[in-house]
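What the coordinates show
Given next are the chains, with one letter for each unit.
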Amino acid sequence: MDNIQVFMRIRPLSEDEYKRDRTAESAVRMLTDNTVSIPSQRTENFTFDFVGTEDCAQDEVFEAVGKRAVEQCMQGYNGTIFAYGQTGSGKTFTMQGARDEFTGPDDELRGLIPRCFEHLFARIAEEEARYNGRVKYLCKASYIEIYNETIYDLLDPLIRICALREDIKKGIFIDNVTEETVQDPSEAYSVFVRGTTSRHVSAT
């Protein structure tokens, strides 16, 4: 069972960046498949569990990052994909894709979130078929945001503030958070899009 792994994805230069700097040279240099250096700084090399190069496709990122997390969830473990990076570094594209709506499996640019939804419900269908209907899965979705150390329920119309609780049986949980039953990738993504519209947005 894997614990914490660290992945890095290198974003290609935008047209504006290329016009401004007049160079296509990346700020990051690949030394091996998972080790990089920063030529402009005299620092040590950095080694990751996976490095996505500038031409890395969305499906490659899913195979390396998202698929493993979903499979571990199917085994009963908590799975988290934490995207970190400065504004404009490509987090939204990597996680969500190039569009706001759910486009389905024919969209090669869809990100980790829709691909994870698709894989999760496909695996659920496999498991239910394998047990010939004797096993049923129930999927519930919540969408919270932690902003300035406060937890917000983004699926509540009033965007309620929620409290973090601890229980002997349940462990650590978020009290009174909205939970919506979802039955397929499209429904799950609709919940995601609805919650996204309520997020706090500010410059970093």
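Residues numbered from 1 in each chain as written. Predicted model: local features only at pLDDT ≥ 70, side-chain atom pairs only at ≥ 80, totals over all residues. Heavy atoms only, no water.

**Thoughts on the packing of helix H2 (residues 58–74) against helix H4 (residues 112–130)**
With their axes 9 Å apart at the nearest point, H2 and H4 run at an angle of 45 degrees to one another. If you check the angle between H2 and H4, you find them oblique. Judged by the twist between their axes, the crossing of H2 over H4 is right-handed. In this structure, H2 uses Gln58, Asp59, Val61, Phe62, Val65, Gly66, Lys67, Val70, Glu71 and Met74 to contact H4, whose residues at the interface are Leu112, Arg115, Cys116, His119, Leu120, Arg123, Ile124 and Glu127. Tallied by class, residues from the contact of H2 with H4 come to nine nonpolar, three polar and six charged. (Axes fitted to C-alpha atoms, helices over the stretch in contact; angles between N-to-C directions. Helix = DSSP H or I, 4+ residues; strand = E, 2+ residues; numbered from the N terminus. Parallel < 35°, antiparallel > 145°, perpendicular 65-115°, else oblique. Left-handed = near helix turned anticlockwise from the far one by under 90°. Contact = heavy atoms within 4.5 Å. Nonpolar A, V, L, I, M, F, W, Y, C, P; charged D, E, K, R; others polar.)

**What to know about a negative patch on the surface**
A surface patch of like charges, here negative, comprises Glu54, Asp55, Asp59, Glu60 and Glu108. Residue placement: Asp55 occurs in the loop between strand E5 (50–52) and H2. (Patch = residues over 30% accessible without salt bridge, like charges linked within 9 Å, V, L, I, M, F, W, Y side chains within 5 Å. Areas by Shrake-Rupley, 256 points an atom, 1.4 Å probe, with all protein chains shown as cover. Salt bridge = Lys/Arg side-chain N within 4 Å of Asp/Glu carboxyl O. Lys, Arg positive; Asp, Glu negative; His and termini not counted. Charge placed at Lys NZ, Arg CZ, Asp CG, Glu CD.)

**A few points about the sheet that holds strand E4 (residues 46–47)**
Taken together, three strands build an open sheet; the order of strands is E2-E3-E4 and the sheet is antiparallel. Taken across any chain shown, the strands that pair with only one partner, and hence form the sheet edges, are strand E2 (29–30) and E4. Relative to strand E3 (residues 35–37), E2 is paired through two bridges, and the arrangement is antiparallel. From the neighbouring strand, Arg29 faces E3, where its bridge partner is Ser37. (Pairing = 2+ DSSP bridges.)

**Thoughts on the side chain of Arg123**
Topologically, Arg123 is positioned in helix H4. In this view, Arg123 contacts Glu71 and Met74; residues no more than four positions away in its chain are not counted.

**Remarks on the packing of H4 against helix H5 (residues 185–196)**
The geometry of H4 relative to H5 is characterised by a closest axis approach of 9 Å and an angle of 145 degrees between their N-to-C directions. Crossing handedness for the pair H4 and H5: right-handed. When H4 is examined against H5, the residues Ile113, Pro114, Phe117, Glu118 and Phe121 are found in contact with a partner set consisting of Pro185, Ala188, Tyr189 and Phe192. Its residues placed into classes, the contact of H4 with H5 shows eight nonpolar, no polar and one charged.

**Description of H2**
Each α-helix turn comprises 3.6 residues. Residues three or four places apart therefore point the same way. For H2, spanning 17 residues, the distance from its first C-alpha to its last is 22 Å, which sits close to the expected 24 Å at 1.5 Å a residue. If you check which residues of H2 are buried, you get Gln58, Val61, Phe62, Ala64, Val65, Gly66, Ala69, Val70, Gln72 and Met74. Residues of H2 that are buried make contact with strand E1 (7–9), E5, helix H3 (91–95) and H4. Residue Gly76 follows H2 closely and has a positive phi angle near 100 degrees. (Expected span 1.5 Å × (residues − 1). Buried < 20%, exposed > 50% of the residue type's maximum accessible area, 1.4 Å probe, protein only.)

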